[in-house]
Amino acid sequence: MLELKGLKKLFKGITVLNGVDISIKQGTKIGLSGGNGTGKSTLLNIATGFLTPEEGAIILNGDNITHFEAWKFARLGIKRTFQKVRFNEALILKEQLYTSDEMIKRNLDMLKDAGLIDYLYAFPNEVPLPILRKVEVIRALLECPRYLFLDEPSAGMAATDLHEFGEFLKEHIDADTCLVVVEHRMELMKKIDANIIELRDGKLDNGNIIA
Amino acid sequence: MEYIQISIDGILYGSSYSLIALGFSLVFGVMRRINLAYGSSLLLGVAIALWVENKLNTSIIFFIPIVLFFCSLSNLYVERFCFAPHNTKAGVVVSMISSFAIWMQLDEISSQLLPDRTHSFPSLEISTFEFGGLFFRGDQILNIFIAFIISAVLFMAVYKTKYGIVLRAVSNSADTAKLMGCNTNLVNSLTFILAGILGGIAAFLVLSTESQVTPLFGFWCTVKGLVAMMIGGLGSLTGAFWGGLLLGLLEAHFSYQFGPVFREITTFSILLIVLIIRPGGLMGVNIYKDLKSRDERI
Amino acid sequence: MSLYFVTILTNMTLISFIAISAYLILIVGEVSFGQQAFFGIGAYITATSTTLLGLDIVIALFFSFMVSASFALVLSVLTVRLSGLYFAVASLSFAELLRLSLYKIEYTVETSSGTIGPNGPEGFQNIRWIFENNISPENFLVIALSSLLAFIIFLIFMESSKLFKNARLVGKDQIVAQSIGIRPFFYRVGFITLAGGVAGFGGGLFALFNTYIEPSMFGIMLGVHGLAYSIIGGLGYPLGPLIGVFIDIGLLESVRFLSEYRMILFGGLVAAILIIFPEGIISPRLVSRIKRKLVKKTNA
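Residues numbered from 1 in each chain as written. Chains lettered and ligands numbered in written order. Predicted model: local features only at pLDDT ≥ 70, side-chain atom pairs only at ≥ 80, totals over all residues.

Q: So what about the overall build of chain C? Which residues, and what values?
A: For chain C, the count of helices and strands is 13 helices and two strands. Over its C-alpha trace chain C gives a radius of gyration of 20 Å, about what one expects of a compact globule, namely 19 Å for 300 residues. The 300 residues of chain C split such that 50% are buried. For chain C, restricting intrachain contacts to residue pairs at least 6 apart in sequence, the fraction spanning at least 24 positions comes to 75%. (Helix = DSSP H or I, 4+ residues; strand = E, 2+ residues; numbered from the N terminus. Rg over C-alpha atoms; globule rule 2.2 N^0.38 Å. Buried ≥ 20, exposed ≤ 12 C-beta atoms within 10 Å, placed from the backbone. Contact = placed C-beta atoms within 7 Å.)

This is the structure we're talking about:
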């Protein structure tokens, strides 16, 4: 279980998060919504170790990991994608999965489903955005994460792409894996039957304990 | 009493550092570009000016604009060759590296123009004052005064004028500025010219206090300018001013205690310590926090 | 082979060690202006080992590698929170401090063939290993070149390793690296340390070749040249730095009438090359493209 307790975050005097409390059990699917600038991405960054909160704690299965560096979060099974896809323009996609040929063979259907097979040897600028987004997800999934955070994956995607993306997530994310989608477009979250909670005034409503 | 005199000497000498650092900080602080060829372009400007002056033999009043002219010209050359072609986000490092290649080039050209170990440089002939048993070098007092004025003027220009707004816009995001109708090329070139003029003023004042110029001047400017800026806080105009004075003060005391050879050791030790303990410098410039650098949004 | 030619090749080989050293640090995403100091330390260590301590060349060079690597390790730990210009300036300061301290080290011993030992600004004279062992210039070139090539081959081999791929990711995008569980600190320290060792090894060879070393030989310009070579050569492949070396020393030096204005030409050439090839001639992108073509050929 991943617990976020009393998280507070300030940016240059402005309080963005004002006491966020939530406990996330493995396997839950959560949709985190809220208007622009409400702090959703900030919360995601903190929950995945990329930002440190001014106050509060992050507890993973009883251990306090608040001040761990981001790579440790990743190694503990907390993975994420990025709002703007981050790829190296000089490397082919196959290299950017950072995995072995073994693993690629074993997960061939997932790659096929993502439409990635045709683009394995392509450079990022030759690849459509929806596929790039799936690559980021696949890269995380190959390591069997316990918690996967998606940062506004719908940005830049048309309705059909979004539909496909949702199908992909439903198909390939285990029941065991906890998925947190930070979004302000509802379609995706509804597609994956997520529990929708909202971030407002720096706090979460709809919930403390999520079963 | 000795310590006071040493402090005075140090702070006054530090005015030279402040002057150079101010020119540096205009390009780095506002444009966020690291021009490693700055010192060399000033040396080249001075070298050409001396060569021209040799032929024309004018008085010092005409010499000064000649120095300013060639310093800005050199700096503009650097801008066109090293910075204009790399005006993208990724281009920050490439332009820095390009600028140090040109640093090597300009230093070599200057060595050809000034082949001797030292050349005389016109001095302003300002005398040293005495006050209450302490000595004050008049020319260095002038330097501090001018450095102060320059930083005030720069501050006004960058933060209170239309040019300043345009400059900051272009530095923040050249693409957005272009969309708003800014001629980014012109703005960048003008800024480098301005930095060249400032540098020319600095070079003139510094060299006139020494009454000579050596081929190492370019290197000296670059190193001392960088150190002064780092101590004060990279990117801060006020930091450049105070950083220079502080550097002068510290150097004076250390070389008094441990000998003149220690001057350089002091410079680099201070720099290293500042970088390790407080990279933001005196002004506490924010360099890196929580995996988000200034322009990064994850 | 004429002596002139052998000397040029040896110079190219020796400075390649600095270029490769800078290249290793570029891989993890930093620019170092300090590799010349590790080169210098390596020189002094080998000089001391072969003269004052009477050690074998292999042991001497090993010590040079290890001692330089240790200093580089210190630098990497001190600069853990620094990057970009801050790291560059820190590396420069660290290097200058090391070099300036060489001026203060004075310990000489009189021998039948002259004074040996570090003598502050006078340098270290009479490093007579090549004479004592009857090593001709051609022999020395073979020694130097084969060590360089051995190391280059090692790097080429390592290019496809997970270690190097991760290191390049750390250099390119630390955030993505962290998101897949890669710890940047480990790679930075590792590569900076290795780079220091490589430079030290080269310095050791230099001391033996030159038979005389002094602190002023290891100034900033030496490191800056090495850095320039790897940047224009490109960081896509270990051969990149060698190309940079070749362009400067090989081309410009050999064409005699140009050599007086070499710096002027070379400086301009670097800036010009960077306009066309911002990531160097053998850029990572080019390497990927070539690899892709090769894969397509083998698949077809």
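Q: An account of the interface of chain B and chain C is needed here, citing residue identities and associated values.
A: Across the boundary between the two partners, chain B contributes 32 residues, which contact 26 residues of chain C. With 12 residues, helix H4 (residues 91-113) of chain B is the single largest residue contributor to the side of chain B that touches chain C. Here the side of chain B that touches chain C is built from residues that sort into 25 nonpolar, five polar and two charged. (Nonpolar A, V, L, I, M, F, W, Y, C, P; charged D, E, K, R; others polar.)

Q: How would you sum up the environment of Gly-244 of chain C? Please name residues and give values.
A: All names here are of chain C. In this fold, Gly-244 is placed in helix H11 (residues 239-254). Between the C-alpha atoms of Gly-244 and His-225, which are 19 residues apart in sequence, the distance is 9.4 Å. Those residues in contact with Gly-244 that sit more than four places away from it in its chain are Ala-19, Ala-228, Tyr-229, Ser-230, Ile-232 and Gly-233.

Q: Break down the interface of chain A and chain C for me, citing the residues and quoting the values.
A: At the junction of the two partners, chain A supplies 15 residues and chain C supplies 16 residues. If you list the elements that add at least two residues to the side of chain A that touches chain C, you get helix H2 (70-75) and strand S6 (78-80) of chain A. Here the element with the most residues in the side of chain A that touches chain C is H2 of chain A; it accounts for four residues. Class assignment for the residues of the side of chain A that touches chain C results in eight nonpolar, one polar and six charged.

Q: Account for helix H7 (residues 162-172) of chain C, naming residues and giving values.
A: Along H7 of chain C, the residues classified as buried are Asn-166, Ala-167, Arg-168, Leu-169, Val-170 and Gly-171 of chain C. Packing partners of the buried residues in H7 of chain C comprise helix H1 (3-27), helix H8 (174-179) and helix H9 (184-210) of chain C.

Q: Kindly report on the sheet that holds strand S9 (residues 195-200) of chain A, identifying the contributing residues and their values.
A: Residues and elements named next belong to chain A. In space, the six strands of this open sheet follow the order S6-S7-S8-S3-S9-S10, with mixed pairing throughout. Only two strands of the sheet have a single partner each, and these edge strands are S6 and strand S10 (203-205). Across the sheet, the axes of successive neighbouring strands diverge by a mean angle of 25 degrees, strand direction being ignored. As paired elements, S6 and strand S7 (residues 147-151) share three bridges and run parallel to each other. Within S7, the position partnered with Lys-79 by the bridge is Leu-148. Along the sheet face, helix H1 (residues 40-47) touches strand S3 (29-33), S6, S7, strand S8 (178-182) and S9 and points at about 150 degrees away from the line of S7. (Pairing = 2+ DSSP bridges. Axes fitted to C-alpha atoms, helices over the stretch in contact; angles between N-to-C directions.)

Q: Let's hear about the nonpolar core: which residues, and what values?
A: Grouped together as the largest cluster of nonpolar side chains are 225 residues, with contacts concentrated most on Leu-22, Val-46, Val-67 and Met-230 of chain B together with Val-89 of chain C. The biggest single contributor to this core is H1 of chain C, with 13 residues. Dropping the residues within four chain positions of it, Val-89 of chain C is found in contact with Leu-226, Met-230, Leu-271 and Leu-275 of chain B. (Core = buried A, V, L, I, M, F, W, Y, C linked by C-beta atoms within 7 Å.)

Q: Would you mind going over helix H3 (residues 57-78) of chain C in detail, with residue names and values included?
A: Quick reminder: α-helices carry 3.6 residues per turn. Residues three or four places apart thus point the same way. Residue and element names in this part refer to chain C. Counted at 1.5 Å a residue, the expected span for H3 with its 22 residues is 32 Å, and the 32 Å between its end C-alpha atoms agrees. Listing the buried residues of H3 in full gives Ala-60, Leu-61, Phe-63, Ser-64, Phe-65, Val-67, Ser-68, Ala-69, Phe-71, Ala-72, Leu-75 and Ser-76. Looking at the buried positions of H3, the neighbouring elements they touch are helix H2 (35-50), helix H4 (84-102) and H9. (Expected span 1.5 Å × (residues − 1).)

Q: Just give me the short version of the packing of H2 of chain C against H3 of chain C, but keep the residues and values in it.
A: Residue and element names in this part refer to chain C. It is at 8 Å that the axes of H2 and H3 come closest, and there the two elements cross at 145 degrees. Handedness of the H2/H3 crossing: right-handed. Contacts from Phe-38, Ile-41, Gly-42, Ile-45, Thr-46, Ser-49 and Thr-50 in H2 reach Ile-57, Ile-59, Ala-60, Leu-61, Phe-63, Ser-64, Val-67, Ser-68, Phe-71 and Ala-72 in H3. (Left-handed = near helix turned anticlockwise from the far one by under 90°.)

Q: Would you mind going over unusual backbone geometry in detail, with residue names and values included?
A: All names here are of chain A. A positive phi is found at Glu-152, a non-glycine position, where the angle reads about 40 degrees. By the element assignment, Glu-152 lies in the loop between S7 and helix H6 (159-172). Here the phi dihedral of Asp-193 falls at roughly 55 degrees; this positive angle occurs in a residue that is not glycine. Relative to the elements of secondary structure, Asp-193 occurs in the loop between helix H7 (186-191) and S9.

Q: Hey, could you go over the confidence of the model for chain C for me, with residue numbers and the actual values?
A: Averaged over every residue, the pLDDT of chain C is 92; residues scoring 70 or more account for 97%. For this predicted complex, the interface confidence reaches an ipTM of 0.92, while the overall pTM sits at 0.91. (pLDDT = per-residue confidence, 0-100.)

Q: Got a sec to walk through the confidence of the model for chain B? Specific residues and values, please.
A: All names here are of chain B. Taken as a whole, chain B shows an average pLDDT of 84; of its residues, 94% reach a score of 70 or greater. Helix H3 (residues 60-83) holds the highest mean pLDDT among the elements of chain B, 92, whereas strand S2 (residues 128-131) holds the lowest, 80. Ignoring residues within four places in sequence, the model shows residues 288-295, a span with pLDDT below 50, making eight contacts including any to other chains.

Q: Just give me the short version of the pairing of strand S4 (residues 55-60) of chain A, but keep the residues and values in it.
A: Residues and elements named next belong to chain A. As judged from the five bridges shared by strand S1 (residues 2-11) and S4, these two strands associate in the antiparallel manner. Across the sheet, the residue bridging to Glu-3 is Ile-59, located in S4. Of the strand pairs in this sheet, S4 and strand S5 (residues 63-64) are connected by two bridges, and their pairing is antiparallel. By the bridge assignment, Leu-60 is partnered in S5 with Asp-63. Where S4 hands over to S5, the hairpin turn is made up of two residues, of which Asn-61 adopts a positive phi near 50 degrees.

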